[in-house]
Amino acid sequence: MSERIISCSAAIAEALTEEMTRDESIFIIGEDLVAHGGIFGQFKGLPEKFPGRVIDTPISETCIVGAGLGAALTGMRPLIDLHFADFVTCAMDEIANQTAKIRYMLGGQAKVPLVIWAPDGAGLGAAAHHSQSLESWFIHTPGLKVVVPSEPADVKGLLTASLRDDDPVIFFQHKKLFAKEGPVPDGEYVLPLGKAAVKRKGTDVTILTYGSGFYLSTEAVKELSGMGIEAELIDLRTLKPLDFETIAESLKKTCRAVVVHEACLTGGLGAELVARISSELFDYLDSPVLRVAAKDVPIPFAPTLEKFVLPKVDDVVTAVRQVTYR
Amino acid sequence: MSEDAETLLSLYRTMMTVRKFETLAGELFAAGKIPGFIHLSVGQEGSSVGVCSVLRPDDYLTTTHRGHGHVIAKGGDLKRMVAELMGRKTGYCKGKGGSMHIADFSLGILGANGVVAGGFPIIVGAGLSIKLRKTDQVAVCFFGDGASNRGPFHEALNMAGIWKLPILFVCENNCYASTTKTSYACSVIDIATRAKGYGIPGVSVDGNDVLAVRHAAAEAVDRARRDEGPTLLENKTYRRRGHFEGDPQKYRDQSEVTEWEQKNDPLFRFATVLKKKKMLTKDWEEKIAAQIDADLKEAVDFAEQSEWPSPEEALEDLFMNP
């Protein structure tokens, strides 16, 4: 399989083009899609290639998500564009109460093949209503699969897998990462959901991260290497189901871990990871597991404030030095 | 629209079935045989049966917490319904849903819903899916007067309106939303007038007149099948039982209920019509009543003899591919 360097945005469009060609039941529904190929241009070319299958809606998040659900229950496979991940609040009943539960509460009668595509994350001066990282709400909601890719190849492989999955997937993609480029396989490329990737081998500490945290950690790893600390970098990619096997394998070797995510600290995925590590891998640990996360406030607007609130490369370096006592 | 005797008697039979099912459910609940809580549609049979009588098996519907009547009228299996009410493994949802989550995808019943107004967005999706798949199905959303005050009502009627989706929104205005009077909680008297705000037809009918409901529903369904868009149909009726079984009903005088029972019972009214046409005989009525009673007894026996789900089954059915 040959590879080219393309952006995360191009990876989205490529996965959708291939899957919409393969499967006529896939369609895209959301706000502002047709004229601009999506508010971030993420679906560029698709409205022309698949007329009638990229559907503009009124500003009605409740009904957009619920309509996706109704379509999924009746034989279609929608990708629901949430515009901004922050707007999940406007459709929370449809996501948490209906989509996540319907198969279970109907005793397995329903198949719910849908993807909620939710651009999230801060760093663009978009303030508190357009900058959140809300994945932990959905990890806490049984019935949803939660995917947060970082690199373009992961975007393509995981989006393809999500579109083919018969269960509801909420797919968070960081807005600041759309332009990130990387090698992506040409043609059909599917990455199984629920598999983490060891993106850098190391012996001294395991960094567990995903989404924008991956790039932050990659920078930190370079600095740490200069200090003689070799970190193993695990990109979780799917947060639910969680690939704890890969985490455990790494931790049994390094005996130390730092979790890095952009979502705020309290009750974030890091809390869950630390809990599981301490209950299942306690005997292997040589130091407490630390978390690097955003501070527990809404994302503020002014650059000085936003920068202060978000986790930084230095925070990762400091945490790793702390757990390695160096 | 004029119906032959067979059709009319079949409507009456279904109405009797709903009435007897609901009455029995109330008894089973009082006897402690149904866990949780249930909401009965006694007195609203004209709406459920009238609307469903013009639907095809492949048409979709969503219903509410007060949904037994819709499921029966769409052809639901009494045994699996009772078993689900009683939480048994053989129930529609294997005991995972109960009264408020009965569904039968083979009959297009996309589920009752525990959230008031929960069916609106789902039915819009079913309507959109019909359009995308280019079939001539229709999708029906049953909801109460209370649901028409929630946001999803607005989003759904607007969206169905702009896309001309083949949807029938059926409001069963039964004068109460939980314990609150509709006259207090609704800014309009006729909920159907709200249709105007969405550029779609809105029709109010006497919901206790099964033929009036049937004819209004038939017209709306025909419109939808002709690709002319959605309709809001308001069936004015009355909730004779409490919001839930066991509701102390401090919000109304019992005389109000008695008056509706005596003057505006949909079954009695329809029986009078049929008798005038000399279609309904005492013999037939007794024979059918006995058949329904036997079917219901069989359903209860089936449910009582069915196993409870084993505790570990609580961990099944969450995902297709865990």
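Just so it is clear, the model here is predicted, and its values are computed rather than measured.

Quick look at the overall build of chain B
Working step 1: On a plain count of helices and strands, chain B comes out with 11 helices and 7 strands.
Working step 2: For chain B, the C-alpha radius of gyration of 19 Å lies close to 20 Å, the compact-globule estimate for 322 residues.
Working step 3: By its C-alpha atoms, chain B is 60 × 50 × 40 Å across when sized along the principal axes.
Working step 4: Within chain B, the fraction of its 322 residues that count as buried is 52%.
Working step 5: Look at the contacts in chain B between residues 6 or more apart in sequence, and 75% of them connect residues 24 or more apart.

Structural notes on the overall build of chain A
Working step 1: Helix and strand counts for chain A stand at 12 helices and 14 strands.
Working step 2: Taken over the C-alpha trace, chain A has a radius of gyration of 19 Å; the compact-globule value for 326 residues is 20 Å, and the two agree within 12%.
Working step 3: Projected onto the principal axes, the alpha-carbon positions of chain A cover approximately 60 × 45 × 40 Å.
Working step 4: The buried share of chain A, reckoned over its 326 residues, is 56%.
Working step 5: Put simply, 81% of the contacts in chain A that link residues at least 6 apart link residues at least 24 apart.

Quick word on the packing of helix H3 (residues 61-73) of chain A against helix H6 (residues 151-163) of chain B
Working step 1: At a minimum axis distance of 9 Å, the contact between H3 of chain A and H6 of chain B shows a crossing angle of 70°. Relative to H6 of chain B, the element H3 of chain A lies roughly perpendicular. For the crossing formed where H3 of chain A meets H6 of chain B, the hand is right-handed. Across from Thr62, Cys63 and Ala67 of chain A in H3 of chain A, the residues of H6 of chain B making contact are Gly151, Pro152, Glu155, Ala156 and Met159 of chain B.

Considerations on the sheet that holds strand E11 (residues 231-235) of chain A
All names here are of chain A.
Working step 1: Here 5 strands make up an open sheet; going across it, the order is E9-E11-E10-E13-E14 and the pairing mixed. A single partner strand is all that each edge strand has here, and the edge strands are strand E9 (197-200) and strand E14 (290-294). Taking each pair of neighbouring strands and ignoring which way they run, the sheet shows an average axis angle of 25°.
Working step 2: Of the strand pairs in this sheet, E9 and E11 are connected by 3 bridges, and their pairing is antiparallel. Within the sheet, the bridge partner assigned to Ala197 lies in E11 and is Asp235.
Working step 3: Here helix H12 (residues 313-324) sits on the sheet and contacts strand E10 (205-209), E11, strand E13 (257-264) and E14; the angle it forms with E14, its principal contact strand, is near 170°.

With respect to the nonpolar core
Working step 1: In terms of nonpolar packing, the biggest core is built from 192 residues, with Ile116, Val258 and Val320 of chain A together with Val140 and Leu168 of chain B touching the most fellow members.
Working step 2: It is helix H1 (residues 5-30) of chain B that provides the largest number of residues to this core, a total of 9 residues.
Working step 3: Split by domain, this core shows at least three residues from each of two domains, domain 1 (3-185) and domain 2 (197-324) of chain A.

With respect to the sheet that holds strand E1 (residues 60-62) of chain B
Residue and element names in this part refer to chain B.
Working step 1: Pairing is parallel across the open sheet formed by 5 strands, whose spatial order is E1-E2-E3-E7-E6. Looking at which strands have only one partner, the edges of the open sheet turn out to be E1 and strand E6 (202-206). Recorded for the sheet is a direction-independent mean angle of 20° between the axes of neighbouring strands.
Working step 2: This element, helix H5 (residues 119-133), spans E1, strand E2 (139-144) and strand E3 (167-173) of the sheet and lies at about 170° to E2.
Working step 3: Against the sheet, helix H8 (residues 210-225) touches E3, E6 and strand E7 (231-236), its axis set at about 170° to E7.

Concerning the pairing of strand E2 (residues 26-30) of chain A
All names here are of chain A.
Working step 1: For E2, the buried fraction is high: 5 of the 5 residues fall into the buried class.
Working step 2: Alternating residues of E2 divide into Ile26, Ile28 and Gly30 and Phe27 and Ile29, and every residue in both groups is buried.
Working step 3: When E2 meets strand E4 (residues 77-81), the two strands line up parallel, connected through 5 bridges. Among the inter-strand pairings, Gly30 is bridged to a residue of E4, identified as Asp81.
Working step 4: Bridging between E2 and strand E3 (residues 54-56) involves 3 bridges; their strand directions are parallel. When the bridges of E3 are listed, Ile28 appears paired with Val54.

So, the domain arrangement of chain A
All names here are of chain A.
Working step 1: One can read the domain layout of chain A as domain 1 (3-185) and domain 2 (197-324).
Working step 2: Between the C-alpha centres of domain 1 and domain 2 there is a distance of 26 Å.
Working step 3: In this assembly, 25 residues from domain 1 lie in contact with 24 residues from domain 2.
Working step 4: Elements supplying a minimum of two residues to the side of domain 1 that touches domain 2: helix H6 (135-139), strand E6 (145-147), helix H7 (152-164) and strand E7 (169-174).

Structural notes on the environment of Thr90 of chain B
All names here are of chain B.
Working step 1: Mapped onto the elements of the fold, Thr90 is located in the loop between helix H4 (78-85) and H5.
Working step 2: With 215 residues separating them along the chain, Thr90 and Gln305 place their C-alpha atoms 9.8 Å apart.
Working step 3: The contacts of Thr90, once residues within four sequence positions are left out, are Arg80, Ala83 and Ser306.

Details of unusual backbone geometry
All names here are of chain A.
Working step 1: For the bond running from Lys240 to Pro241, omega is 0°, close enough to zero to count as cis.
Working step 2: In this fold, Pro241 is placed in the loop between strand E12 (238-240) and helix H9 (244-254).
Working step 3: For Arg237, which is not glycine, the phi dihedral falls at a positive 60°.
Working step 4: Residue Tyr325 is not a glycine yet carries a positive backbone phi of 55°.
Working step 5: With respect to the helices and strands, Tyr325 occurs in the segment after H12.
Working step 6: Overall, the presence of 8 C-beta atoms within 10 Å leaves Tyr325 in the exposed class.

Topic: H6 of chain B
Residue and element names in this part refer to chain B.
Working step 1: With 13 residues, H6 extends 19 Å between its outermost C-alpha atoms, agreeing within 8% with the 18 Å of an ideal straight helix rising 1.5 Å per residue.
Working step 2: Those residues of H6 that sit buried are Pro152, Phe153, Glu155, Ala156, Leu157, Met159 and Ala160.
Working step 3: Lys164 sits one or two residues past H6 and shows a positive phi near 50°.

Criteria and thresholds
Residues numbered from 1 in each chain as written. Chains lettered and ligands numbered in written order. Predicted model: local features only at pLDDT ≥ 70, side-chain atom pairs only at ≥ 80, totals over all residues. Helix = DSSP H or I, 4+ residues; strand = E, 2+ residues; numbered from the N terminus. Rg over C-alpha atoms; globule rule 2.2 N^0.38 Å. Buried ≥ 20, exposed ≤ 12 C-beta atoms within 10 Å, placed from the backbone. Contact = placed C-beta atoms within 7 Å. Axes fitted to C-alpha atoms, helices over the stretch in contact; angles between N-to-C directions. Parallel < 35°, antiparallel > 145°, perpendicular 65-115°, else oblique. Left-handed = near helix turned anticlockwise from the far one by under 90°. Pairing = 2+ DSSP bridges. Core = buried A, V, L, I, M, F, W, Y, C linked by C-beta atoms within 7 Å. Domains from an automatic or database assignment. Expected span 1.5 Å × (residues − 1).

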